[in-house]
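So you can see what is in the structure, the chains are spelled out below.
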Amino acid sequence: MGAITILLMLFAGIGFAGLAIGVGKLVSTKRMNPVKGEAYECGLPTEGTSWGQFNVGYYLFSLSFLIFDVEMVFLYPWAVTLKEVGAPALVEIVFFMLFLFMGLLYAFKKKALQWK
């Protein structure tokens, strides 16, 4: 009975999302004008081309932040259940932290964490 309930909820969620998108497409007005196709920069008119090239360091830095932010999401439940699980949880988190530390060392070696 549990699998049927999950499938029903899945189909209901997909159906509801599809219905909301469909109703939005039917009800919305479609007025195209030249201003709508322009790039938006805080309400100011754009200067020059809006397809600028960014330094890849910004991407690497944000990716490193994301990795360690997700690490915190996994550490919280571990800390809450540590007393119940015991030593196996401690060994697992040591390996988890070791792998993340190796990733940090790799990013540091590639100079992904330095601003130029």
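Just so it is clear, the structure is predicted and the values come from calculations on it, not from any experiment.

(A) Region of the structure containing the overall build of the protein. The helix and strand tally for the protein stands at three helices and zero strands. N-terminal to C-terminal, the α/β element order of the protein is α-α-α. With respect to the three principal axes, the spread of C-alpha positions in the protein is 65 × 60 × 20 Å. Summed over its atoms, the accessible surface of the protein is roughly 10800 Å², and 73% of this surface lies on carbon and sulfur atoms. Mean positive and mean negative side-chain charge positions of the protein (9 and 7 charges, respectively) differ by 8 Å.

(B) Seen up close, the packing of aromatic side chains. Overall, the coordinates contain one aromatic pair when judged by the stated rule. Considering the side-chain rings of Phe 74 and Phe 96, the 6.0 Å spacing of their centres and the 80° angle between planes classify their relative orientation as edge-to-face. Taken as a pair, Phe 74 in helix H2 (residues 56-85) and Phe 96 in helix H3 (residues 87-109) lie far apart in primary sequence, 22 residues in all.

(C) Examining the confidence of the model for the protein more closely. In this model, the protein carries a mean pLDDT of 83, and residues with pLDDT of at least 70 account for 91%. Helix H1 (residues 2-27) holds the highest mean pLDDT among the elements of the protein, 94, whereas H2 holds the lowest, 82.

(D) The arrangement of a nonpolar patch on the surface in detail. On the surface, a nonpolar cluster with roughly 720 Å² of combined accessible area is contributed by Val 56, Tyr 59, Leu 60, Leu 63, Leu 66, Ile 67, Val 70 and Phe 74. Summarising the element assignment, Leu 60 is placed in helix H2.

(E) Quick peek at the side chain of Glu 71. Along the chain, Glu 71 turns up in helix H2. Of the side chains with opposite charge, Lys 109 lies nearest to the buried Glu 71, which makes no salt bridge, at 21 Å. Ignoring anything within four residues of it in the chain, the contact list for Glu 71 reads Phe 96, Met 97 and Leu 100.

(F) Region of the structure containing the UniProt feature "transmembrane region" (unreviewed entry) in the protein. Taken from the UniProt record, the annotation "transmembrane region" (unreviewed entry) applies to residues 6-27, 58-79 and 85-108. Structurally, residues 6-27 is divided into 100% helix and 0% strand, and its ends, taken at the C-alpha atoms, are 31 Å apart. The straight-line gap between the two end C-alpha atoms of residues 58-79 is 32 Å; of that span, 100% is helix and 0% is strand.

(G) Summary view of H3. Between its first and last C-alpha, H3 extends 33 Å over 23 residues, near the 33 Å set by a 1.5 Å rise per residue. Looking only at H3, the buried set comprises Ala 89, Ile 93, Leu 100 and Ala 107. Looking at the buried residues of H3, the elements they touch are H2. Immediately downstream of H3, the backbone of Lys 111 shows phi near 60°, a positive value.

(H) The arrangement of the environment of Ala 12 in detail. Among the structural elements, Ala 12 can be located in helix H1. Taking the relative accessible area as the measure of exposure, Ala 12 reaches 44% and is therefore partly exposed. Taking C-alpha positions, Ala 12 is 38 Å from Ile 93, a pair spaced 81 residues apart along the chain.

What counts, and where the lines are drawn
Residues numbered from 1 in each chain as written. Predicted model: local features only at pLDDT ≥ 70, side-chain atom pairs only at ≥ 80, totals over all residues. Heavy atoms only, no water. Helix = DSSP H or I, 4+ residues; strand = E, 2+ residues; numbered from the N terminus. Areas by Shrake-Rupley, 256 points an atom, 1.4 Å probe, with all protein chains shown as cover. Lys, Arg positive; Asp, Glu negative; His and termini not counted. Charge placed at Lys NZ, Arg CZ, Asp CG, Glu CD. Phe/Tyr/Trp six-rings, centres within 6.5 Å; stacked < 30°, edge-to-face > 60°. pLDDT = per-residue confidence, 0-100. Patch = residues over 30% accessible without salt bridge, like charges linked within 9 Å, V, L, I, M, F, W, Y side chains within 5 Å. Salt bridge = Lys/Arg side-chain N within 4 Å of Asp/Glu carboxyl O. Buried < 20%, exposed > 50% of the residue type's maximum accessible area, 1.4 Å probe, protein only. Contact = heavy atoms within 4.5 Å. UniProt positions renumbered as here; feature names shortened; annotations may be inferred. Expected span 1.5 Å × (residues − 1).

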